[in-house]
Amino acid sequence: MWTLGLDTATWTASVGIDRDGVAVAQRTERVENTLAAAIIPLIDGVLTQARIAISDLDAIAVSAGPGSFTGLRVGLSTAKGLAYAANAHLVAVPTLEALARALGPRTETVWTILDARRSEIYAASFRWRGDQLDRVVAEMAIAPRELARFVSGPEDVVFIGDGVDEYQDVLIELFGAVVKRLPLAAAPPSGAAVAAIGRERLAAGVAAELASVEPFYVRASEAERKFC
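Residues numbered from 1 in each chain as written. Predicted model: local features only at pLDDT ≥ 70, side-chain atom pairs only at ≥ 80, totals over all residues. Heavy atoms only, no water.

(A) The arrangement of the packing of aromatic side chains in detail. Applying the stated criterion to the full structure yields two aromatic pairs. Centroid distance Phe159 to Phe175: 5.4 Å. Interplanar angle 25°. Geometry classified as stacked. Residue Phe159 is located in strand E9 (residues 157-160), and its partner Phe175 is located in helix H5 (residues 168-175); the two are separated by 16 residues in the primary sequence. Take Phe159 and Phe175: they sit in the same class, and that class is buried. (Phe/Tyr/Trp six-rings, centres within 6.5 Å; stacked < 30°, edge-to-face > 60°. Helix = DSSP H or I, 4+ residues; strand = E, 2+ residues; numbered from the N terminus. Buried < 20%, exposed > 50% of the residue type's maximum accessible area, 1.4 Å probe, protein only.)

Printed below as a string of structure tokens:
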């Protein structure tokens, strides 16, 4: 089974291909201008690397949020178009889970934090139990200092994501300088991880309706806040 994974939830875009549980191709790029212009060349690159065509794909998995509102829309619209063209299944994958999965098995609890703007972060925590990644705290949008309510025993925690880049000082103030912190460049998004989760979710009977699937924003967009 060939699964293509797309992650455009941050300004680091990643595209990968999973075949029956094996990552066979991946390309990741920091995007300085527009994600829409970068994603198609990345897709072409991994298809070429895997030596397959779009029509060979069985499923398209996409990182569906939370994250950049614009990035999520770009990723999902691209995934919908590819799924339609390939007559493939579409699977929506939680962004924070995919980032934790990309880091690989750890003994610590993994807190994924992304900069949500407006002095907030998107946050969730995960724990590896053998080869299974379990969600401990569900996705939420909170002020960075509110992490102190949820994190106990910071010596057994690793923080990842671009929220680490933005709020290093807050994390050190809350949990001390020795707390493990990996910025996005050190623990980047992985299209292959998105593809792997998508394959697993599809095997479990979880697929998205092509026409109705929407990004998982966690909180309302600025337009919704103003006009709804």
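There's more to say after this.
(B) Region of the structure containing the confidence of the model for the chain. For the chain, per-residue confidence averages 93 on the pLDDT scale, and 96% of positions sit at 70 or higher. Low pLDDT, under 50, characterises residues 222-228; the stretch is placed with five contacts to residues that sit more than four places away or in other chains. (pLDDT = per-residue confidence, 0-100. Contact = heavy atoms within 4.5 Å.)

(C) Local environment of the layout of surface pockets. Quantified by volume, the second largest pocket comes out at close to 200 Å³. Surrounding the second largest pocket, Glu97, Arg101, Phe126, Trp128, Asp131, Gln132, Leu133, Asp134, Arg135, Ile197, Glu200 and Arg201 form its lining. Looking at the lining of the second largest pocket, the elements that each hand over two or more residues are helix H3 (95-103), strand E7 (120-129), strand E8 (132-142) and helix H6 (191-203). Considering each element in turn, the lining of the second largest pocket owes the most residues, four residues, to E8. Looking at the lining of the second largest pocket residue by residue, the class counts come to four nonpolar, one polar and seven charged. (1 Å grid on protein atoms, 1.4 Å probe; cavity = no way out; pocket = protein on both sides within 12 Å on 5 of 7 lines; lining within 4 Å. Points joined across faces, edges and corners; volume = space filled by probe spheres on them. Nonpolar A, V, L, I, M, F, W, Y, C, P; charged D, E, K, R; others polar.)

(D) Representation of the pattern of salt bridges within the structure. Using the criterion set out here, one finds 14 salt bridges in the structure. A salt bridge links Glu108 to Lys180, with the nearest nitrogen and oxygen atoms 3.5 Å apart. Placement of Glu108 in the loop between H3 and strand E6 (109-117) and of Lys180 in strand E10 (residues 180-182) is noted, with a sequence separation of 72 residues between them. Judged by relative accessible area, Glu108 falls into the buried class, the value being 8%. (Salt bridge = Lys/Arg side-chain N within 4 Å of Asp/Glu carboxyl O.)

(E) Region of the structure containing the pairing of strand E3 (residues 22-30). Relative to E3, strand E2 (residues 12-19) runs antiparallel, the two being bridged by eight bridges. In the sheet register, Ile17 faces E3, and the bridge partner there is Ala25. (Pairing = 2+ DSSP bridges.)

(F) Structural detail: the sheet that holds E10. One open sheet holds the five strands; their spatial order is E8-E7-E6-E9-E10, and the pairing between them is mixed. Each edge of the sheet is formed by a strand with only one pairing partner; in this case those strands are E8 and E10. Ignoring strand direction, the axes of neighbouring strands in this sheet form an average angle of 20°. Docked against the sheet, H5 engages E6, E9 and E10, running at close to 165° with respect to E10. (Axes fitted to C-alpha atoms, helices over the stretch in contact; angles between N-to-C directions.)

(G) Representation of the packing of helix H1 (residues 35-50) against helix H2 (residues 69-86) in the model. Where H1 contacts H2, the two axes come as close as 10 Å, and the packing angle between them is 40°. With respect to H2, the axis of H1 lies oblique. Of the two possible hands of crossing, H1 and H2 adopt the one that is right-handed. Residues Leu35, Ala36, Ile39, Ile40 and Ile43 of H1 form the contact with H2, whose participating residues are Gly71, Val74, Thr78 and Leu82. (Parallel < 35°, antiparallel > 145°, perpendicular 65-115°, else oblique. Left-handed = near helix turned anticlockwise from the far one by under 90°.)

(H) Structural detail: the nonpolar core. One finds Leu4, Leu6, Val15, Ile17, Ile43 and Ile60 to be the most contacted residues of the largest nonpolar core, which totals 29 residues. Of all the elements in the fold, those that place two or more residues in this core are strand E1 (2-7), E2, H1, strand E4 (59-63) and H2. The leading source of residues in this core is H1, at eight residues. With 18 residues, the next largest nonpolar core counts Phe69, Tyr122, Leu133 and Val158 among its residues. (Core = buried A, V, L, I, M, F, W, Y, C linked by side-chain atoms within 4.5 Å.)

(I) The pairing of E4, seen in detail. Of all five residues in E4, five are buried, a share of seventy percent or more. Residues Ala59, Ala61 and Ser63 line one face of E4 and the alternating positions Ile60 and Val62 line the opposite face, and both faces are buried. Bridge analysis of E1 against E4 gives four bridges, and the strand direction is parallel. Counterpart to Leu4 in the pairing with E4 is Ile60. Here five bridges tie E4 to strand E5 (residues 89-93), and the two strands are oriented parallel to one another. Looking at E5, one finds that Ser63 is bridged to Val93.

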